[in-house]
Amino acid sequence: MSGSDEPADLARQMREKAQQLAEAAERATDPEERQRLEKKSRTIRDRSEQQSAMAAGDLYPEK
């Protein structure tokens, strides 16, 4: 894998993990566990979107 593919691959992996957590939240019977999983899923999805934008050159991290 080339260095240019790594950010896009990381973003894809993050999206997959977020999807897994969202599915686990749907199956959770405990309301607190469901809320925790949903929050974690949203956080990872937000980070993956930022990673994708950075990989595409659309967004630069603030210093």
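Look up: the structure comes first, before these words.
What you see is a predicted model, and the numbers here were worked out from it, not measured in a lab. (Residues numbered from 1 in each chain as written. Predicted model: local features only at pLDDT ≥ 70, side-chain atom pairs only at ≥ 80, totals over all residues. Heavy atoms only, no water.)

Q: So what's going on with the overall build of the protein chain? Which residues, and what values?
A: A tally of helices and strands in the protein chain yields two helices and zero strands. Out of the 63 residues belonging to the protein chain, those deemed buried represent 21%. Taking the contacts inside the protein chain whose residues are at least 6 apart along the sequence as the reference set, 48% of them involve residues at least 24 apart. Total accessible area on the protein chain is roughly 5000 Å²; 47% of this is exposed by carbon and sulfur atoms. (Helix = DSSP H or I, 4+ residues; strand = E, 2+ residues; numbered from the N terminus. Buried < 20%, exposed > 50% of the residue type's maximum accessible area, 1.4 Å probe, protein only. Contact = heavy atoms within 4.5 Å. Areas by Shrake-Rupley, 256 points an atom, 1.4 Å probe, with all protein chains shown as cover.)

Q: I'd like a description of the side chain of serine 48, backed by residues and values.
A: Within the element layout of this structure, serine 48 appears in helix H2 (residues 31-56). Among the residues examined, serine 48 registers a relative accessible area of 1% and is labelled buried. Of the polar contacts made by the side chain of serine 48, one reaches the backbone oxygen of arginine 45; its length is 2.8 Å. Those residues within four positions of serine 48 in sequence are excluded, and the remaining contacts are Ala11, Met14 and Arg15. (Polar contact = N/O pair within 3.5 Å; in protein donor to acceptor, adjacent residues only side chain to side chain.)

Q: Explain the environment of alanine 28 residue by residue, including any values.
A: Residue position: alanine 28 is located in the loop between helix H1 (6-27) and H2. Alanine 28 sits in the buried class, given a relative accessible area of 10%. Among all residues touching alanine 28, those that are not within four sequence positions of it are Glu33, Arg34 and Leu37.

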